[in-house]
Amino acid sequence: MFSPEVIGILGLVVLFILLMLRMPVGITMVLVGIGGTFALSLAVKHVRFEPYIKQFKSLLWSTMANYDLSVVPLFVLMGYLASQSNLSRDLFRGLEALMSKRRGGVAMAAVGACGGFGAVCGSSLATASTMGRVALPELKKLGYAPRLATGALAAGGTLGILIPPSVALVIYAIIVEASILQMFQAALIPGLMAVAGFILVIALQVRINPKLAPEPRPMPIEEKREAYRRLIPVLLIFGSIILGLGFGLFTPTPAASVGVFVIFVYGIFMRWRTGQGLSVAGMLQAFRDTAVTSAMIYMILFGAEVLKGFFTRAGLPSAMADWAATSSMDPWLILIAMLVLLIILGCFMESLAMILVVLPFFWPTLIALNGGDHVSAADAAYGLDTDNLKIWFGILALIVVELGLITPPVGLNVFIIASLSDGTPMAETFKGVMPFLLAEFVRVGILLLIPALCLFLPHLLAG
């Protein structure tokens, strides 16, 4: 008969195969969790299947009855209302007016708009899709090289998961029992580093090869003034949410509630004033999309709880942690291997699902490698106590998860942008993202060497 660990490994293999075949994530987790536990009950005497099934009558409620999770549908709704209210277009046009005097300025504006829209969207795929529809036609019309236009937007889409507020950061914080507010604060500097890095990549490319971008065209003064008029309220809305969360002026759930209300009122006002804001049909579509997306997220969370029960009974997380504690391998080498594995998995899996599947294995292992739950920073392998390790690793993990979205051969962001760019070969888009991918590897290396870049704001604002 198979040992519990072998059954757990087989269940993990089946899980990844089904996910790569694009089976719905939540359903896959539930099926593997139930099937794996049933197999364990047949192979191992002390594992009983009946109590495992009986817990389902309360598991769904106990999973969802979490105040911290109430922020998820609010952040999702905020993103959809922003999209339906044309805030993404106003943001891009305003930044385009600011950057129009520079060669490559419109591509830089697209990256900045991705960062701003990602702050209210929280999803990389949605950010890439929305900003692709807004910015790609303008970049094509102006004569930008397809490689630069599609590469910048595919890379800019990855900003959605990190710049607060972010649903993935909320879920990560709940899993490892970290402060959601501190995770948002920790993400600010790395997020701004990403925006600055992408803009620098564009500037270097157009300097080396001016043919990638056209000569800057002067924007008519009236058009520029109108773009600025529309940009100011958008910056106030987005900036107040990001900075308010980042500096601890309010907690996530009230922030999301206020954000939804303010964007809703602004969208209605712009509809009344210009006829281009939030329509009744757009509002209903935002509510429908929010319901579907939130239900999907909650189903994934429920599936993760079911799956966790199976893996715990199989003993995989504890076995991996025990191996790490007794292994002679360098802890830093194991950490880098974890990050590389996350990049590879990110090519095939949705980021939230990957965090929920992989984190129950990685987190106990990291704790063991670092010296235990209550180790001091002086004695820890990574030079950080457990609370700081949660924050630092969370930021690193989310960054590399998103790298998978632009990593060949299966970068989902690249497929989204390529589908919006008629006539641009997929290979050309992958060529376009390579300089941005290199910049991201540099950012990860800097954050690995200097954890203080993640920890500075949480420590400063806590004091």
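Here's what I pulled together on the structure shown here.

Parameters at a glance
- Residues numbered from 1 in each chain as written.
- Predicted model: local features only at pLDDT ≥ 70, side-chain atom pairs only at ≥ 80, totals over all residues.
- Heavy atoms only, no water.
- Helix = DSSP H or I, 4+ residues; strand = E, 2+ residues; numbered from the N terminus.
- Expected span 1.5 Å × (residues − 1).
- Buried < 20%, exposed > 50% of the residue type's maximum accessible area, 1.4 Å probe, protein only.
- Polar contact = N/O pair within 3.5 Å; in protein donor to acceptor, adjacent residues only side chain to side chain.
- Phe/Tyr/Trp six-rings, centres within 6.5 Å; stacked < 30°, edge-to-face > 60°.
- 1 Å grid on protein atoms, 1.4 Å probe; cavity = no way out; pocket = protein on both sides within 12 Å on 5 of 7 lines; lining within 4 Å.
- Points joined across faces, edges and corners; volume = space filled by probe spheres on them.
- Nonpolar A, V, L, I, M, F, W, Y, C, P; charged D, E, K, R; others polar.
- Contact = heavy atoms within 4.5 Å.
- Core = buried A, V, L, I, M, F, W, Y, C linked by side-chain atoms within 4.5 Å.
- Patch = residues over 30% accessible without salt bridge, like charges linked within 9 Å, V, L, I, M, F, W, Y side chains within 5 Å.
- Areas by Shrake-Rupley, 256 points an atom, 1.4 Å probe, with all protein chains shown as cover.
- Salt bridge = Lys/Arg side-chain N within 4 Å of Asp/Glu carboxyl O.
- Axes fitted to C-alpha atoms, helices over the stretch in contact; angles between N-to-C directions.
- Parallel < 35°, antiparallel > 145°, perpendicular 65-115°, else oblique.
- Left-handed = near helix turned anticlockwise from the far one by under 90°.

1. Overview of helix α16 (residues 331–346)
1) Next: The end-to-end C-alpha separation of α16 is 23 Å, in line with the 22 Å expected for 16 residues at 1.5 Å each.
2) Next: Of the residues making up α16, those classed as buried are Ile334, Leu335, Met338, Leu339, Leu342, Ile343, Leu345 and Gly346.
3) Next: You can read the cap of α16 off the contacts: a side-chain oxygen lies 2.7 Å from the backbone nitrogen of Trp332, and it is on Asp330.

2. Things to note about the packing of aromatic side chains
1) Next: Across all of its chains, the model carries eight aromatic pairs by this definition.
2) Next: Both rings, one in Trp332 and one in Tyr382, keep their centres 5.2 Å apart while their planes meet at 75°; by these two values the pair is edge-to-face. One end of the pair, Trp332, is in helix α16; the other, Tyr382, is in the loop between α17 (351–370) and α18 (386–403), with 50 residues separating them in the sequence.
3) Next: Judged by relative accessible area, Tyr382 falls into the buried class, the value being 5%.
4) Next: Ring geometry for Trp332 against Trp392: centres 5.8 Å apart, planes inclined by 65°, an arrangement best described as edge-to-face. Within this pair, whereas Trp332 is found in helix α16, its partner Trp392 is found in helix α18, the two being separated by 60 residues in sequence.
5) Next: Relative accessible area serves as the criterion here: at 30%, Trp332 is assigned to the partly exposed category.
6) Next: An aromatic cluster is built from Phe310, Phe311 and Phe361, whose rings are joined through pairwise contacts.

3. Considerations on empty space enclosed by the protein
1) Next: This structure, assessed with the given rule, holds three cavities of 30 Å³ or more.
2) Next: Quantified by volume, the largest cavity comes out at close to 70 Å³.
3) Next: Forming the boundary of the largest cavity are Tyr172, Leu342, Ile355, Val358, Leu359, Phe362, Phe393, Ala397, Leu398 and Val401.
4) Next: Residue composition of the lining of the largest cavity, grouped by class: 10 nonpolar, no polar and no charged.
5) Next: Each pocket or cavity is described by its volume, and for the second largest cavity that value is around 60 Å³.
6) Next: The wall of the second largest cavity is formed by Thr158, Leu159, Ile161, Leu162, Gly191, Ala194, Leu398, Ile399, Glu402, Glu440 and Arg443.

4. Overview of the side chain of Glu96
1) Next: Assignment of secondary structure puts Glu96 in helix α6 (residues 87–99).
2) Next: Its relative accessible area of 1% is what places Glu96 among the buried residues.
3) Next: Contacts of Glu96, omitting those with residues within four sequence positions, involve Val106, Ala109, Glu138, Leu142, Arg217 and Met219.

5. A look at the nonpolar core
1) Next: Met29, Val72 and Phe393 are the most contacted members of the largest nonpolar core, which has 148 residues in total.
2) Next: Take this core: its biggest share by element is 14 residues, from α17.
3) Next: Setting aside anything within four residues of it in sequence, one finds Phe393 in contact with Tyr172, Leu335, Leu339, Leu359, Phe362, Trp363 and Leu366.
4) Next: Core analysis: the second largest hydrophobic core is formed by five residues, Val30, Tyr52, Leu59 and Val306 among them.

6. Remarks on a nonpolar patch on the surface
1) Next: Together, Leu438, Val442, Ile446, Leu449 and Ile450 line one region of the surface with nonpolar side chains, adding up to about 490 Å² of accessible area.
2) Next: Among the structural elements, Leu449 can be located in helix α20 (residues 426–449).

7. Considerations on the packing of helix α7 (residues 105–121) against helix α9 (residues 146–157)
1) Next: Their axes nearest at 9 Å, the elements α7 and α9 cross at an angle of 20°. Overall, the two elements α7 and α9 adopt an arrangement that is roughly parallel. Regarding α7 and α9, the two cross each other, and that crossing is right-handed. Across from Ala110, Val111 and Cys114 in α7, the residues of α9 making contact are Ala152, Leu153, Gly156 and Gly157.

8. Focus: helix α2 (residues 25–43)
1) Next: A rise of 1.5 Å per residue sets the reference length of α2, with its 19 residues, at 27 Å; its end C-alpha atoms lie 27 Å apart and thus fit the reference within 8%.
2) Next: Taken together, the buried positions of α2 are occupied by Val25, Gly26, Thr28, Met29, Val30, Val32, Gly33, Gly36, Thr37, Leu40 and Ser41.
3) Next: Taken together, the buried residues of α2 touch α1 (4–20), α3 (49–54), α14 (280–314) and α17.

9. Some remarks on the environment of Gly432
1) Next: Its location among the elements puts Gly432 in helix α20.
2) Next: Classification of Gly432 as buried rests on a relative accessible area of 2%.
3) Next: Sequence separation between Gly432 and Met354 is 78 residues; the distance between their C-alpha atoms is 26 Å.
4) Next: Residues in contact with Gly432, not counting those within four places in the same chain, are Arg147 and Gly151.

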